[in-house]
Each structure stands twice: as C-alpha cells, then as structure tokens.
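As a plain string of letters, each chain reads:
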Amino acid sequence: MSTVQGVLDRVTRVPGVRGALLVSAGDGLIVAEQLMDGVDGRAAAALTGSLVGRLTRTAQQAGLERPAFVHLRAEAGSVLAAPGPDDLVLVAVVAPDANVGLARLEMIDAAARLS
Amino acid sequence: MRALEPWVVEPLEVFLAESSARLTLLMTSSGQVVAQHGFSRSLDVMTAAALGAGIVASTEEIARLMGVTRFAGLVHHGERQSCMLSAFGTPRGRWIGLVVFGPETSVGIVQLFFEQMVAQLVSSAPREQAPPPTLAENFESELDASLKALFGRT
C-alpha cells in the first residue's frame, strides 16, 4: 500500500469520517481520495484548498505561523484540514457525531508522514 | 459584464462572484461572442474568441485521433495568471467558455463554479430555436450590433 493510501486509510478508519482526501492547496485539485457515496470530493478539494490558502496567508500577515489544523464546523458535520508538506493538505469530511478529537490526532500525525 | 442574451447574465454573474475570474468569455463553437467580462477592447475580445474557438476545434480533433469523444477542458498554468478553456453543450448549441484567472483563486475553484454555471445555463436557456446563422450580407451590421451590446457603445 502506498504512503498516500495508508494516510487516507488511517483517517477514514476513525468513526464518523465520511471521506478523506489529499488536496493540492494551490490549485484546489484532488491528489488522492477515499470517499463515501454522496460526498463531492471535487467541491471539498477546491473549497478547502482555497480556505486553507487564505487562512495561511491571513496567519502569516498577522505574524503567525501557518495553521497546523483547521476545523470548519457546520450543522450537518465538519470539514477538517491538516496542511502537510509541498502544498498538500489532508482533508476529512466528518459527520456531526464523529470523533473529531481522534480524527485531529490521526490527521496531524498522518500529514507529517507525507514528507 | 456584458451579454447578448439576458438569460446568460445571472449564471455568469454568480460564476464571476464565486470564482474571482479576471476575464471571462462565452462564445459559440464558431467563435461568436455571447457574453464577456473584463475585456476593455473589442479587438481583444474578437481575437480571444477566434483563438479560443480554434484551440477547442484543434483539441477536439486530437481527441478524435486518440479515440476519445472530446476533452472536458484545457488549462494553461501560468506564473501570474492561468487560462481555462472548456466547451459544453447547451440547448442553443455547443458553447465555449474561456476564463483567465490569477493566484487569488485556483483552478479547482474555477472548474467547480464553471460547472455550476454550465448547469444553470443549460436549465435557464430558452427552449425555442436559436436565431439562424447570420447571412453574409448582414454580417457587418450584425457584428457591429453585437460589439455595441458587448461594449456598451451607442
């Protein structure tokens, strides 16, 4: 199994995770994905890539380092993002009842392993 | 933003707001401009339309030679700005979109909202027959009228 598939497997094994993607943040395109039916991976990749890019620029303009983790909470679930090396972002789409704490730990660790 | 047909305006406005595209051109597959945003000179828009239609025709021929129906789109990545060219079907025939965008957005965002615009255009296009092709004797006056509509000249 490739490193990328291993990373996505780790994230999707967390209860409540509906899909995981590796996204190229600069162009908002999918590098790899493991998604349940009904999750629009292309939209998640494009919008999360844009969000992480803007948050990174905002943090840098404020004199902070790039975000280590982004949690966007909505009524029907959350989008989690962990920036990795080489402009890659590990993204997870999770249900409202997901174990977000465990997903966060797995994603930060998995994103670091991408280098 | 200027459009020759009013039903094109809303989908194009939504696309422009969501995608942050710098320039957008909608045209027929023969290069006749339907709507434009961001171009300031009629010469530029006519040139871009002609070149865009030519590129799409070339890539569709390459696709045919490769045994595939057609390519979904073509993206030129530039350092300061990029360009996406994509053909799509509408009830008014095959159209082409040419979008120029900068680093303030991404190709993923542009493609995502372009597809949404195409879906909106297809659903809002009037179902009656499109006007017949312009005859040669009317071509100059039709072209002049289109340019006035696209650039707001009186």
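Everything numeric here is computed off the predicted structure, so don't read it as measured data.

A. Inspection of the interface of chain B and chain A at higher detail. Contacts between chain B and chain A engage ten residues on the former and ten residues on the latter. Counting the surface lost from both chain B and chain A, the interface buries some 770 Å², and carbon and sulfur atoms represent 56% of this. Looking only at chain B, the three residues that lose the most surface to chain A are B:Ser106, B:Ile109 and B:Leu112, adding up to 42% of its buried area. If you look at where chain B meets chain A, you find one salt bridge.

B. A look at the pairing of strand β5 (residues 82-90) of chain B. Residue and element names in this part refer to chain B. Here β5 lies mainly inside the structure; seven of its nine residues are buried. Here strand β4 (residues 74-76) pairs with β5 via three bridges, running antiparallel. What sits directly across from Val75, in β5, is Met84. In this antiparallel pair of consecutive strands, β4 and β5, the connection spans five residues. Where β5 and strand β6 (residues 93-101) come together, nine bridges link them in antiparallel fashion. Across the sheet, Ser86 pairs through a bridge with Gly97, a residue of β6. Here β5 folds back onto β6 in antiparallel fashion, the turn holding two residues.

C. Region of the structure containing the sheet that holds strand β4 (residues 77-83) of chain A. All names here are of chain A. Taking strand neighbours across the sheet as the criterion, the five strands line up as β2-β1-β5-β4-β3 in an open arrangement whose pairing is antiparallel. Looking at the sheet topology across the chains shown, the edges are occupied by β2 (29-35) and β3 (70-74). The average undirected angle you get between the axes of adjacent strands in this sheet is 15°. Sheet topology note: the β4/strand β5 (residues 88-94) ladder contains six bridges and is antiparallel. The residue bridging Ser78 from the neighbouring strand is Val94, located in β5. Packed on one face of the sheet, helix α3 (residues 100-112) meets β1 (17-24), β3, β4 and β5 and runs near 25° to β4.

D. Highlighting helix α2 (residues 41-61) of chain A. Helix length check: α2(A) (21 residues) gives 30 Å between terminal C-alpha atoms against 30 Å at 1.5 Å per residue, within 8%. Here α2(A) has its buried residues at A:Gly41, A:Ala43, A:Ala44, A:Ala45, A:Ala46, A:Thr48, A:Gly49, A:Ser50, A:Val52, A:Gly53, A:Thr56 and A:Ala59. Buried residues along α2(A) sit against β1, β2, β4 and β5 of chain A together with α3 (107-124) of chain B. Two or three places before A:Arg42, at the start of α2(A), stands the capping residue A:Asp40, its side-chain oxygen 3.3 Å from that residue's backbone nitrogen. At the exit of α2(A) stands A:Gly63, carrying a positive phi of roughly 80°.

E. Structural detail: the confidence of the model for chain B. Confidence along chain B averages 86 in pLDDT terms, with 88% of residues attaining 70 or more. Taken over the whole predicted complex, pTM reads 0.81, whereas the ipTM for its chain interfaces reads 0.80.

F. Looking closely at the nonpolar core. Formed by 26 residues in total, the largest nonpolar core has its most connected members in B:Val8, B:Phe15, B:Leu26, B:Val99 and B:Phe114. The element best represented in this core is α3(B), accounting for nine residues. Listed in part, the 21 residues of the second largest apolar core include A:Val17, A:Val94, A:Ala111 and A:Leu114.

G. Up close: unusual backbone geometry. Not every positive phi belongs to a glycine, and A:Asp87 is a case in point at roughly 65°. With respect to the helices and strands, A:Asp87 occurs in the loop between β4 and β5. Although it is not a glycine, B:Ser20 sits at a positive phi angle of roughly 60°.

What counts and how
- Here, residues in each chain are numbered from 1, in the same order as that chain's written sequence.
- To read the labels, note that chains go from A and ligands from 1, taken in the order they are written.
- With the structure being a predicted model, the display of local features is reserved for residues of pLDDT at least 70 and the display and counting of side-chain atom pairs for 80 or more, all residues being used for whole-chain, interface and lining totals.
- Where side-chain values are given, they derive from all heavy atoms of the structure, hydrogens and water being excluded.
- Only heavy atoms enter the contact rule, under which two residues are in contact if any of them lie within 4.5 Å.
- Two parts lose some accessible area (1.4 Å probe) when they are put together, and adding that loss for both gives the buried area.
- Definition used for salt bridges: Asp or Glu carboxyl oxygen within 4 Å of a side-chain nitrogen of Lys or Arg.
- The buried label goes to any residue with under 20% of its type's maximum accessible area, the exposed label to any with over 50%, and the partly exposed label to all in between, with areas taken from a 1.4 Å probe on protein chains only.
- Helix numbering and strand numbering both begin at the N terminus, where a helix is a DSSP run of H or I of at least 4 residues and a strand a DSSP run of E of at least 2.
- Should DSSP find at least two bridges between two strands, the strands are regarded as paired.
- The angle between two axes is taken between their N-to-C directions and runs from 0 to 180 degrees, where each axis is a line fitted to C-alpha atoms and a helix contributes only its stretch in contact.
- Every helix has an expected span of 1.5 Å times one less than the residues it contains.
- A 3.5 Å cut-off defines polar contacts: any pair of N or O atoms within that distance qualifies, except that in protein one atom must be a possible hydrogen donor and the other a possible acceptor, and neighbouring residues in sequence count only when both atoms are side-chain atoms.
- Summary of the metric used: pLDDT quantifies the predictor's per-residue confidence within the range 0 to 100.
- Side-chain atoms within 4.5 Å are what join buried Ala, Val, Leu, Ile, Met, Phe, Trp, Tyr and Cys residues into a set we call a nonpolar core.

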